[in-house]
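# Chain and residue survey
The primary structure of each chain is shown beneath.
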Amino acid sequence: MRRTQLADGVFLTYLPARKFKTSLLSAQFVTPLSWETASANALTSAILRRGTVTCPDMGSLSARLDRLYGARIDNTVRKRGETQCVGFVASLIDDCFAPGGERLLEPTAELLGELICSPVIEDGRFTADYFQSEQVNLIDAIRSILNEKRAYADSRLLQELCAGEPYGIPRLGNEAHAESLEPQALYESYRTLIASSRLELLYSGSAELSRVEDALRAALAPLPRNLTASLPQASLHIPRSQTRTVTENLDVTQGKLGMGFSCGSSDFIALLVGNTLFGGSSNSKLFLNVREKLSLCYYASSTYHRQKGLITVSSGIEFANYQQAYDEICAQLEAVQTGALEDWELDAAKSTLLNAYASMGDSQGKLENFYTGQAATGFTESPEELAEQVRAVTLKRICQAMKTVQLDTVYFLQGKEAAE
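Residues numbered from 1 in each chain as written. Predicted model: local features only at pLDDT ≥ 70, side-chain atom pairs only at ≥ 80, totals over all residues. Heavy atoms only, no water.

### Things to note about the overall build of the protein
This is how it is decided: Helix numbering and strand numbering both begin at the N terminus, where a helix is a DSSP run of H or I of at least 4 residues and a strand a DSSP run of E of at least 2. To get the radius of gyration, use the C-alpha atoms; to get the globule rule, take the number of residues to the power 0.38 and multiply by 2.2 Å. Residue burial is assigned from relative accessible area. The probe radius is 1.4 Å, only protein chains are included, and a residue is buried under 20% of its type maximum, exposed over 50%, and partly exposed in between. The contact criterion used is simple: two residues touch if any of their non-hydrogen atoms lie within 4.5 Å. Note that His is not counted, nor are the chain ends; the positive residues are Lys and Arg, and the negative ones are Asp and Glu. Taken as the charge location is NZ of Lys, CZ of Arg, CG of Asp or CD of Glu.
For the protein, the count of helices and strands is 15 helices and 13 strands. Taken against the 2.2 N^0.38 rule, which gives 22 Å for 420 residues, the C-alpha radius of gyration of the protein at 23 Å falls within 12% of a compact globule. Taken across its 420 residues, the protein has 55% of its residues classed as buried. Long-range pairs, those at least 24 residues apart, make up 82% of the contacts in the protein with a sequence separation of at least 6. Averaging the locations of the 40 positively and 50 negatively charged side chains of the protein gives two centres separated by 4 Å.

Below, the structure written as structure tokens:
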């Protein structure tokens, strides 16, 4: 892996690879996450994918991609730490496998540059048809989260746990902001985004670095660049002095118990492995004990949020099992904190993480997602370096780090009848 700077605030991560039949090219604008801009950026990404000056509709855009032997370019909206990453990911036949030795990198990069720099506009704003249809799609996508109660509860837990912090903002923003957007203001927001936000480029394939750099410089030559501000470092969550409990009532038949814990240790590898022991795998204590052995949950898992120093638990329960599930989740955390483990558990947790890092090299999509996240959050470790740290961590370090984990916020989604 090599990382170079192509222009002011424009960086390229180069991942040479000859074992794939495809090449991958990613362009992501990384900007601080905020309620004011989250929905606007998400909508911008979708509108840009509708067409360019030379390919002003989906039909002509699809025809151009077909001429590139079925290349694909998808718009993306991701949340990484306290940043939002919006842009495109292109997948194309690697030049090693292109018919007649045809070069596909340059024309694909050119089209990517057009999608970013040359959208379809009318009267100095995004076209009304594209704006209106994609605004409806965005609002529908935000509303649909409520239909996925597990995802909804997980999102609500983060909003309550990180109230007042950017980390609690969903990647698509919210319905109110999405509905308030206007074509002219959105176009001005788009111009600000591409002029002043950091642009992270990534290439995986067989082309030489110099050729990739030349192709991207040419494709992005029209990109307006003002002085780009550095991204703020995500601040660690400040623990509450007392545990906060939030209960919400909706028309649900299964309760959703979410628990947010603050971590007081800076030993992130120890916390990462500790979380894997706790609830981060199918061999974890939450899965084997709370779900399988005691049948207190339909599902139970935990996630470590390195950027904020948090661990969150997601579980689905019968309403009547709230206290039992709550107590048992806390008991399983205590077991990890005190090292009350069977001999195989630590090996299984490490194996889960090591297999995940090893498998990244088999997927260009996983590599792009990983390195984009690293760049957006300011971390620099490679999968191989993280794997070495996992192998080296000891049970003593894990217990010491996990002993700093304290319950901060509880979110419980229950049925409407419980409020009556």
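Back to the text.
### A few points about the environment of Val-77
Assignment of secondary structure puts Val-77 in strand E4 (residues 72-80). In sequence terms Val-77 and Gln-28 are 49 residues apart; their C-alpha atoms lie 8.9 Å from each other. Setting aside its immediate chain neighbours within four residues, Val-77 contacts Ala-42, Ser-45, Gln-84, Cys-85, Val-86, Arg-171 and Leu-172.

### A few points about the environment of Gly-365
For Gly-365, the position within the fold is in helix H13 (residues 364-377). Separated by 139 residues in sequence, Gly-365 and Asn-226 have C-alpha atoms that sit 30 Å apart.

### Thoughts on the state of the cysteines
To be explicit about the condition: Disulfide assignment relies on a single distance test, namely cysteine sulfur atoms paired within 2.5 Å.
Counted by the stated rule, this structure contains zero disulfides. Not part of a disulfide, Cys-330 finds its nearest cysteine sulfur in Cys-297, a span of 12 Å. Cys-330 sits in the partly exposed class, given a relative accessible area of 25%.

### A look at the packing of aromatic side chains
The following threshold applies: Each Phe, Tyr or Trp ring, with Trp reduced to its six-membered ring, pairs with another whose centre is within 6.5 Å; inter-plane angles below 30 degrees give stacked pairs, above 60 give edge-to-face pairs, and intermediate values give tilted ones.
Under the criterion given, the structure shown has eight aromatic pairs. Considering the side-chain rings of Phe-126 and Tyr-190, the 5.5 Å spacing of their centres and the 55° angle between planes classify their relative orientation as tilted. With Phe-126 in strand E7 (residues 125-126) and Tyr-190 in helix H7 (residues 183-196), this residue pair connects regions lying 64 residues apart in the sequence. The same class applies to Phe-126 as to Tyr-190, namely buried. Between Tyr-187 and Tyr-190 the ring centres are 5.5 Å apart and the planes differ by 45°, which places this aromatic pair in the tilted class. Placement of the pair is Tyr-187 and Tyr-190 together in helix H7, with a separation of three residues, close to one helical turn. In terms of burial, Tyr-187 and Tyr-190 fall into one category: buried.

### Looking at helix H12 (residues 343-360)
Along an α-helix, residues three or four apart share an orientation, since each turn contains 3.6 residues. The set of residues buried in H12 consists of Glu-345, Leu-346, Ala-348, Ala-349, Lys-350, Leu-353, Tyr-357 and Met-360. Tucked inside the fold, the buried residues of H12 contact helix H9 (268-278), helix H10 (285-293), H13, helix H14 (383-392) and helix H15 (395-402).

### Looking at the environment of Thr-372
Put simply, the rule reads: Residues adjacent in sequence count toward polar contacts only when both atoms are side-chain atoms; beyond that, a polar contact is any pair of N or O atoms within 3.5 Å, and within protein one must be able to donate a hydrogen and the other to accept it.
When you line up the elements, Thr-372 lands in helix H13. Residues Thr-372 and Glu-200 lie 172 residues apart in sequence; the distance between their C-alpha atoms is 7.2 Å. In contact with Thr-372, not counting residues within four places along its chain, are Ser-26, Gln-28, Arg-78 and Cys-85. At 2.8 Å, the side chain of Thr-372 forms a polar contact with the backbone oxygen of Glu-368.

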